[in-house]
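Notes for the structure review
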Amino acid sequence: MELRQLEHFVAVAEEQHFTRAAERLAVSQSGLSASVRALEQELKAPLFSRTTRSVRLTEAGQALLVEAERTLAGARAARDAVDAVRGLLRGTLTLGVEQCVAGVSPARLLAAFHREHPHMEIRLRQEGTSSLLEGVAGGRLDLAFAATVSPPEWRGDLVPLAREAMVVLCAPGHRLSAEGTRVAWDALDGESFIDFHPDWGPRRAADEAFAAAGVRRTVALEVSDVHSLLELVHEGLGIAVVPHHFSRKQEARGLVTVEVDGPHRPVYESVVVLPPARSMSPGARALMALVRGLPVR
């Protein structure tokens, strides 16, 4: 079994398509197919279920994917470690981030990193918190910027970035807008809510706060981006509980911001998710040096 074969296998698994995987790797499709077949023959098990329209992992393929990602991450870390000893920082830095994470600007951070380490390739993945934790644990990601991570979920290092209250956003004319800048939990009972998918940090934080307060809520509209959420609130289709910094976005202008009063007030926290120190790649260490030098916002 060769690293090249594992790279081919992982590419097909991620793309779920042989042609796209071949284009991504800059190899011929026939060569890629032959490499995967050779791997299947060596392992004596089919790794993909192939049809004319799709390519899916088999049970054996799913088991191999976890170990293949870990093996490739280890190989990259070994190469990067040798380069670091030689005074070079090369290789690939792969990080994950939740959208609109508080406490750091990923764009400015990566721009600064690129200026300092121009030979490092940067790869960015935007995902929900659970996927980010899995990515760091499996070695698919070097580190991640996530939100609302509880200790039972992650026993590695968590570096705090920001902590802020969550607020209610509603359209002008909504009944909550007439109740002042603060409302009690029971004032939210019976409202229709707009929120992110359950894996996103703000949704997780809101769900935990409502459960702790003993208030049931109905999330009628689920979205995967901030702009859609704010637009729906503008149209009066529901209210949203979001981190306070969302209310300062240009798209939120005109919306009414209301704080939740009483115990169990919803709080949003953002963190850097790191693997164990001994597993950190040189690129991740260099990025964290920049993170620690940035002001928290």
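Computed from a prediction, not measured in an experiment: that's the story for all the values here. (Residues numbered from 1 in each chain as written. Predicted model: local features only at pLDDT ≥ 70, side-chain atom pairs only at ≥ 80, totals over all residues. Heavy atoms only, no water.)

1. Points about the overall build of the protein
Scanning the protein for helices and strands turns up 9 helices and 12 strands. Projected onto its principal axes, the C-alpha coordinates of the protein cover approximately 70 × 50 × 35 Å. Across the 297 residues that make up the protein, the buried fraction comes to 46%. A separation threshold of at least 6 residues defines the contact pool for the protein, and within that pool the share at least 24 residues apart is 73%. Looking at the protein as shown, the accessible area adds up to about 14,900 Å², and 51% of this sits on carbon and sulfur atoms. Side chains of the protein carry 34 positive and 37 negative charges; the gap between the two charge centres is 5 Å. (Helix = DSSP H or I, 4+ residues; strand = E, 2+ residues; numbered from the N terminus. Buried < 20%, exposed > 50% of the residue type's maximum accessible area, 1.4 Å probe, protein only. Contact = heavy atoms within 4.5 Å. Areas by Shrake-Rupley, 256 points an atom, 1.4 Å probe, with all protein chains shown as cover. Lys, Arg positive; Asp, Glu negative; His and termini not counted. Charge placed at Lys NZ, Arg CZ, Asp CG, Glu CD.)

2. Here we look at the pairing of strand 11 (residues 256-261)
Note that strand 6 (residues 157-170) and strand 11 share 4 bridges and pair antiparallel. What sits directly across from Val168, in strand 11, is Val258. Alignment of strand 7 (residues 182-184) against strand 11, held across 3 bridges, turns out to be parallel. Bridge pairing links Arg182 to Glu259 in strand 11. (Pairing = 2+ DSSP bridges.)

3. Focus on the nonpolar core
With 45 residues, the main nonpolar core has Leu143, Phe145, Leu188, Val272 and Leu287 as its most contacted residues. For this core, the elements supplying multiple residues, two or more each, are strand 3 (91-97), helix 5 (106-116), strand 5 (143-147), strand 6, helix 7 (201-213), strand 11, strand 12 (267-274) and helix 9 (282-293). Setting aside its immediate chain neighbours within four residues, Leu287 contacts Leu93, Leu95, Leu109, Leu110, Phe113, Leu143 and Phe145. Counting residues in hydrophobic clusters, the runner-up holds 19 residues, among them Phe18, Ala21, Ala22 and Leu64. (Core = buried A, V, L, I, M, F, W, Y, C linked by side-chain atoms within 4.5 Å.)

4. Observations regarding the pairing of strand 9 (residues 218-223)
With 5 bridges joining them, strand 8 (residues 192-196) and strand 9 adopt parallel strand pairing. From the neighbouring strand, Ile194 faces strand 9, where its bridge partner is Leu221.

5. Notes on the confidence of the model for the protein
Scored by pLDDT, the protein has a mean of 87; 95% of the residues are at 70 or more. Taken element by element, the predicted model of the protein shows its lowest mean pLDDT in helix 4 (residues 59-85) (83) and its highest in helix 8 (residues 226-234) (95). (pLDDT = per-residue confidence, 0-100.)

6. Quick word on the pattern of salt bridges
One pass over the structure, following the stated rule, counts 17 salt bridges. Glu2 is paired through a salt bridge with Arg4; the nearest N and O atoms lie 3.0 Å apart. A relative accessible area of 43% places Glu2 in the partly exposed class. Overlapping salt bridges bring together Asp195, Arg203, Asp207, Arg217 and Glu222 as one network. (Salt bridge = Lys/Arg side-chain N within 4 Å of Asp/Glu carboxyl O.)

7. Examining the environment of Asp142
Structurally, the position occupied by Asp142 is in the loop between helix 6 (129-137) and strand 5. By relative accessible area, Asp142 is classed as buried at 17%. Put simply, Asp142 and Val66 are 76 residues apart on the chain and 15 Å apart in space, counted from C-alpha to C-alpha. For Asp142, the contacting residues outside a window of four places in its chain are Thr92, Leu93, Thr94, Pro275, Ser281 and Ala284. Within the local environment of Asp142, its side chain forms a polar contact with the side chain of Ser281, the two groups lying 3.4 Å apart. (Polar contact = N/O pair within 3.5 Å; in protein donor to acceptor, adjacent residues only side chain to side chain.)

8. Some remarks on the side chain of His8
Mapping His8 onto the fold places it in helix 1 (residues 3-15). Ignoring sequence-local partners within four residues, the contact set of His8 consists of Leu25, Val27, Leu32 and Ser35.

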